[in-house]
Amino acid sequence: MAGHETHEYDVLVVGAGGAGLRAAIEASTAGVRVGLVCKSLLGKAHTVMAEGGMAAALANVDERDGWKVHFADTMRGGQYLNQWRMAEIHAQEAPARVNELEAWGALFDRTPEGRILQRNFGGHAYPRLAHVGDRTGLEMIRTLQDHGIHQGMAVHMEITITTLLKDGERIAGAFGYDRERGRFRVFKAPAVILATGGLGKAYKITSNSWECTGDGMSLAYHAGAQLKDMEFVQFHPTGMVWPPSVRGILVTEGVRGEGGVLTNSEDKRFMFDNIPELYKDLVADDAEEGWRYVIGDRDARRPPELLTRDHVARMILAEVKAGRGSPHGGAFLDISWIKDRVKGGAEHIKRKLPSMYHQFKQLADLDITETPMEVGPTTHYAMGGVRVDSDSQASSVPGLFAAGECATGLHGANRLGGNSLSDLVVFGKLAGQYAAEYAKSAGPAKVADSEMEAAEAEALAPFGREESGEGPFQLQQALQDMMQEDVGIIRTEAELDKAAEALADLRSRAAKVKVHGNREWNSGWHTALDLEPLLTVSEAVAAAARERKESRGAHTRNDYQEKDSEWGKANLIVEKAGDGSMRVRREEIDPVPERLAKIIEEQG
Amino acid sequence: MPKTTFKIWRGDSKGGEFRAYETEYSEGMVVLDVVHKIQAEQANDLAVRWNCKAGKCGSCSAEVNGQPKLMCMTRMNTLPLDRSVTVEPMQAFPVEKDLVADVSVNYEIKKRIKPFKPRPPDHDDGTWTMHQADVERSQEFRKCIECFLCQDVCHVDRDHHYHLEGKFIGPRFFVHAAYLDMHPADAEDRLADLKERDGVGYCNITKCCTVVCPEHITITDNAIIPLKERVADRYYDPLAKVLKVIGLGGKK
């Protein structure tokens, strides 16, 4: 056998983005031994890419804001499929989590009074996003990283977990390999928190980095936990579309928050053409009112560019389909026009959106203070993930917790921009707290040698295969092309059936991929091992998407274009059946209790 | 599609060599795209560290034609393409494999620096009144993505390896110390460490770090020189020394 190194903790956290770091800090503070494992170097996780800000009803800019408004906005944005208790906790606790970051050294942009500044974002009634220019995620991850390393946790960088280990029904730890030497590692821990982020890499056009291969969702699924809401994949309306090699890179919603407008090839601001029923009374009548909203006129209503992401993405697609797209198949996003309306002109834009300015300047030779950007939808975020208890973040497997993007519940059918960063710290903290409590009471778990041997054999399998003519990179690309084509923004039953067949075929081909070279920093091997989680989450997304026969939030069916009130009462659960096959079943949503129903009603 | 030849360093801590790969590239491609294409088609086991591919995470640092660069932000059309392009790992750090450098020393250095220690909050919710003008200096330093290119180019690191020997923290961590020092709510004192342990005196202001910074942080002028001045004010100001001797000096 290949042998392995063993580490023992009370709580093992897998993933070191915002949720993982916050969970590890909380568990460390609770006085248990904490191990933090990350696929990349510390501080490089996908959280770093978050740009626009972190939603919290601090009411620093508009005192009419409060947790109730934030709660109602989140539920409306999620089309009421959210776990209402999570939306309630999130809205109530987000302000404290923002303030806590400030106490740990974060430097948010300031109001004239010297408090944390907040900006407008899609679906939020008031300016609500605490931010630092357009690099809020960097500020968050650096703050958590620099605070976390002094809390006593042990950090293991560049390690990928391939399997969760169990002791009967309960979690006993995790098995993985380090990138540098390819050595196997066994982490024994009675409590494991998954905080591995999303699954964007299942798609060809995505804002996600290589890490986002759905690891946590797949690990949990194979360990017997339930996945929920997997059909809801958010396509962010504004990714770069040109040049081809940067297609998908995110263009922050902050551009629209600062006054950016979307136009088509006929120079028409098409977002005014179609306002969804749920938002009928919340949108400006004309461009002038929209601008007044952007600059803080409290009587004005939001411009249509600040509607929810699902809607904006579909509107852009419709323009492209109708032949009114930009030269490279997107729409135009123009921020340069505000130059004449604000103090400082071009400098104001550069100060508010510095990363966007550099990104376009360096990658596309384009000055956003002069020329409109070309943008189009890009796979951005998984609303679905590991089903967890709203309060404790515990999954259905004893000892297994999940937080952040790899968990589900807060966002329902569509996530509001800015609710992700606050999600990470609100629920990362709770996961850390409850996992530490659980670990203290549960006591050590045992791992059978046979389980570790099986995990080693599985990880080494690609080296021992015959050459099949198809390498790991080619197979990953084939999967991404298929998902983009058949399980994309607009879906039909025929395409989803085709996707199911294609996935079965890809799975059998993946089992034949051979890897060359040795185990040290072998990117081909790593990519081959990432195929399992990618295939598992792709199967879950495709299966759930086929089942939900309506259009709601981020899930759009061309063959069922309307919302169906019956489907509005149900979530889809994906789990492994006794025979190892994937099962999708419908489950009724707990009705919203009266105290919260009243809030939703009051907020209109 | 036009063709190019990449000479990529292949090897590990025991040694290695440049190997040539010929490949096609298209408009708008960056160096990292070409390296990935080579990896997918010709060299599956080529080691390259990367993450966001958007200049935001600072993972894909390497030396392109001898210049410290983020591979994801170096467009092909900025390079002379009538000759081959060389790509090698950062030279101021031990190599792990191929283009991957062992940057772990940076994480050890960070841990040694005294963390943020706030003065008591101004408000009941645990926050402070800080004005934009006052946070802006530190905000510049917070743009750092920890790509460590400044560490790579600094001659104190590159030629003398003082960062590996614990004698010099390097530009990245002077930037970190400056962020803490100029943070309006921070109450910690790091000057003695900077002078004695962190080696701020070794920097002789050649500004190479500022030149390579992909975030355009004015490292030398805005971070290192002010730290040097504070050290000099406290430890080398003759007038302050006299006042101290006769018992009139301030508490610092």
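Residues numbered from 1 in each chain as written. Chains lettered and ligands numbered in written order. Predicted model: local features only at pLDDT ≥ 70, side-chain atom pairs only at ≥ 80, totals over all residues. Heavy atoms only, no water.

1. Here we look at the sheet that holds strand S14 (residues 261-263) of chain A
Residue and element names in this part refer to chain A. One open sheet holds the four strands; their spatial order is S13-S16-S15-S14, and the pairing between them is antiparallel. Sheet topology places strand S13 (233-240) and S14 at the edges, where each strand pairs with a single neighbour. Across the sheet, the mean angle from the axis of one strand to that of its neighbour is 45°, orientation sign disregarded. Looking at chain direction, S14 and strand S15 (residues 331-334) are connected through three bridges and run antiparallel. Bridge pairing in S15 places Thr263 opposite Phe332. (Pairing = 2+ DSSP bridges. Helix = DSSP H or I, 4+ residues; strand = E, 2+ residues; numbered from the N terminus. Axes fitted to C-alpha atoms, helices over the stretch in contact; angles between N-to-C directions.)

2. Some remarks on the pairing of strand S3 (residues 61-64) of chain B
Residues and elements named next belong to chain B. Residues of S3 alternate between two faces, with Ser61 and Glu63 on one and Ala62 and Val64 on the opposite face, all of them buried. Where S3 meets strand S4 (residues 67-70), four bridges bridge the pair, whose relative direction is antiparallel. Bridge pairing links Ala62 to Lys69 in S4. Between S3 and S4, which follow one another and run antiparallel, lie two residues, and Asn65 among them has a positive phi close to 50°. In this sheet, strand S5 (residues 85-88) lies alongside S3 in antiparallel orientation, the contact comprising two bridges. Bridge assignment links Glu63 to a residue of S5, and that residue is Glu88. (Buried < 20%, exposed > 50% of the residue type's maximum accessible area, 1.4 Å probe, protein only.)

3. Examining the sheet that holds strand S9 (residues 170-178) of chain A
All names here are of chain A. Strand order in the open sheet formed by four strands is S1-S10-S9-S8, with mixed pairing between adjacent strands. Whereas interior strands pair on both sides, the edge strands pair on one side only; in this sheet they are strand S1 (4-8) and strand S8 (159-167). The mean angle between the axes of side-by-side strands here comes to 25°, regardless of whether they run parallel or antiparallel. Here S9 pairs with strand S10 (residues 184-188) via five bridges, running antiparallel. Residue Phe175 lies in a different strand from S10, and its bridge partner there is Val186. Here helix H12 (residues 449-464) sits on the sheet in contact with S1, S8, S9 and S10, set at roughly 150° to S8. (Contact = heavy atoms within 4.5 Å.)

4. Structural notes on the interface of chain A and chain B
With 60 residues of chain A at the contact, the number on the chain B side is 62 residues. Between chain A and chain B, the buried area comes to about 5,100 Å², and carbon and sulfur atoms account for 51% of it. On the chain A side of the interface with chain B, the three residues burying the most area are Lys44, Leu107 and Trp521 of chain A, jointly 14% of the side's total. At the surface where chain A touches chain B, the tally comes to eight salt bridges. Between Arg142 of chain B and Asp146 of chain A there is a salt bridge whose closest N-O contact spans 3.9 Å. Summed over the shared surface of chain A and chain B, the number is 43 residue pairs in polar contact (both at pLDDT 80 or more). For the side of chain A that touches chain B, the elements supplying multiple residues, two or more each, are helix H3 (84-103), helix H4 (136-148), helix H10 (354-364), helix H13 (472-486) and helix H15 (523-547) of chain A. Here the element with the most residues in the side of chain A that touches chain B is H10 of chain A; it accounts for seven residues. The class makeup of the residues in the side of chain A that touches chain B is 25 nonpolar, 19 polar and 16 charged. (Buried area = accessible area lost by both parts, 1.4 Å probe. Salt bridge = Lys/Arg side-chain N within 4 Å of Asp/Glu carboxyl O. Polar contact = N/O pair within 3.5 Å; in protein donor to acceptor, adjacent residues only side chain to side chain. Nonpolar A, V, L, I, M, F, W, Y, C, P; charged D, E, K, R; others polar.)

5. Here's the deal with the domain arrangement of chain B
Residues and elements named next belong to chain B. Here the domain parsing of chain B yields domain 1 (3-101) and domain 2 (104-245). The interface is formed by 15 residues belonging to domain 1 together with 17 residues belonging to domain 2. Summed over both sides, the interface of domain 1 with domain 2 buries roughly 1,100 Å², with 64% coming from carbon and sulfur. Among the residues domain 1 hides against domain 2, the three largest losses belong to Pro68, Ala92 and Phe93. Together they make up 48% of the total. In this assembly, domain 1 and domain 2 are joined by one salt bridge. The partner of Arg158 in a salt bridge is Glu63, and the shortest N-O contact between them spans 2.8 Å. (Domains from an automatic or database assignment.)

6. Things to note about the pattern of salt bridges
A side chain of one charge can pair with a side chain of the opposite charge when the charged atoms of the two come close. Residue and element names in this part refer to chain A. Following the criterion strictly, the structure yields 86 salt bridges over all chains and no others. Among the ionic pairs, Arg128 bridges to Asp73, the shortest N-O distance being 2.9 Å. Taken together, the residues span a long stretch of sequence, with Arg128 in the loop between strand S5 (118-119) and strand S6 (129-130) and Asp73 in helix H2 (residues 67-77) at a distance of 55 residues. With relative accessibility at 7%, the residue Asp73 sits in the buried group. Across the pair Arg595 and Glu88 runs a salt bridge whose closest N-O atoms are separated by 2.6 Å.

7. So, unusual backbone geometry
In this chain, Trp242 of chain A is followed by Pro243 of chain A through a cis amide linkage whose omega measures 0°. Within the secondary structure, Pro243 of chain A is located in the loop between S13 and helix H6 (254-257). For Glu146 of chain B, which is not a glycine, the phi torsion comes out positive at approximately 50°. Along the chain, Glu146 of chain B turns up in the loop between helix H3 (132-142) and helix H4 (149-153). Even without glycine at this site, His216 of chain B takes up a positive phi of about 55°. Note on placement: His216 of chain B falls in the loop between helix H8 (208-212) and helix H9 (219-235).

8. Focus on the domain arrangement of chain A
Residues and elements named next belong to chain A. Taken domain by domain, chain A holds domain 1 (10-232 + 383-449), domain 2 (237-379) and domain 3 (454-570). A straight line from the C-alpha centre of domain 2 to that of domain 3 covers 32 Å. Opposite the six residues of domain 2 that make contact, domain 3 presents seven residues. Carbon and sulfur atoms make up 63% of the area that domain 2 and domain 3 hide from each other, which totals about 470 Å².

9. Quick look at the packing of aromatic side chains
Taken as a whole, this structure holds twelve aromatic pairs over all chains when the rule is applied. An aromatic cluster is defined as three or more aromatic residues linked by ring pairs; in this entry it consists of Phe175, Tyr177, Phe184, Phe463 and Trp525 of chain A. Arg142 of chain B extends its terminal NZ or CZ atom over the ring of Tyr179 of chain B, reaching a point 4.1 Å from the ring centre. Across the ring face of Tyr162 of chain B, the terminal group of Lys167 of chain B is positioned such that the distance to the ring centre comes to 4.2 Å. (Phe/Tyr/Trp six-rings, centres within 6.5 Å; stacked < 30°, edge-to-face > 60°. Lys NZ or Arg CZ within 6 Å of the ring centre and 35° of its normal.)

10. Let's talk about the packing of H13 of chain A against helix H14 (residues 493-510) of chain A
Residues and elements named next belong to chain A. With their axes 10 Å apart at the nearest point, H13 and H14 run at an angle of 175° to one another. It follows from the interaxial angle that H13 and H14 lie roughly antiparallel. Counting all contacts with H13, which are made through Leu475, Ala478, Leu479, Met482, Glu485 and Asp486, the residues of H14 involved are Glu495, Leu496, Lys498, Ala499, Ala502, Leu503, Leu506, Arg509 and Ala510. In terms of residue class, the contact of H13 with H14 is made up of ten nonpolar, no polar and five charged. (Parallel < 35°, antiparallel > 145°, perpendicular 65-115°, else oblique.)

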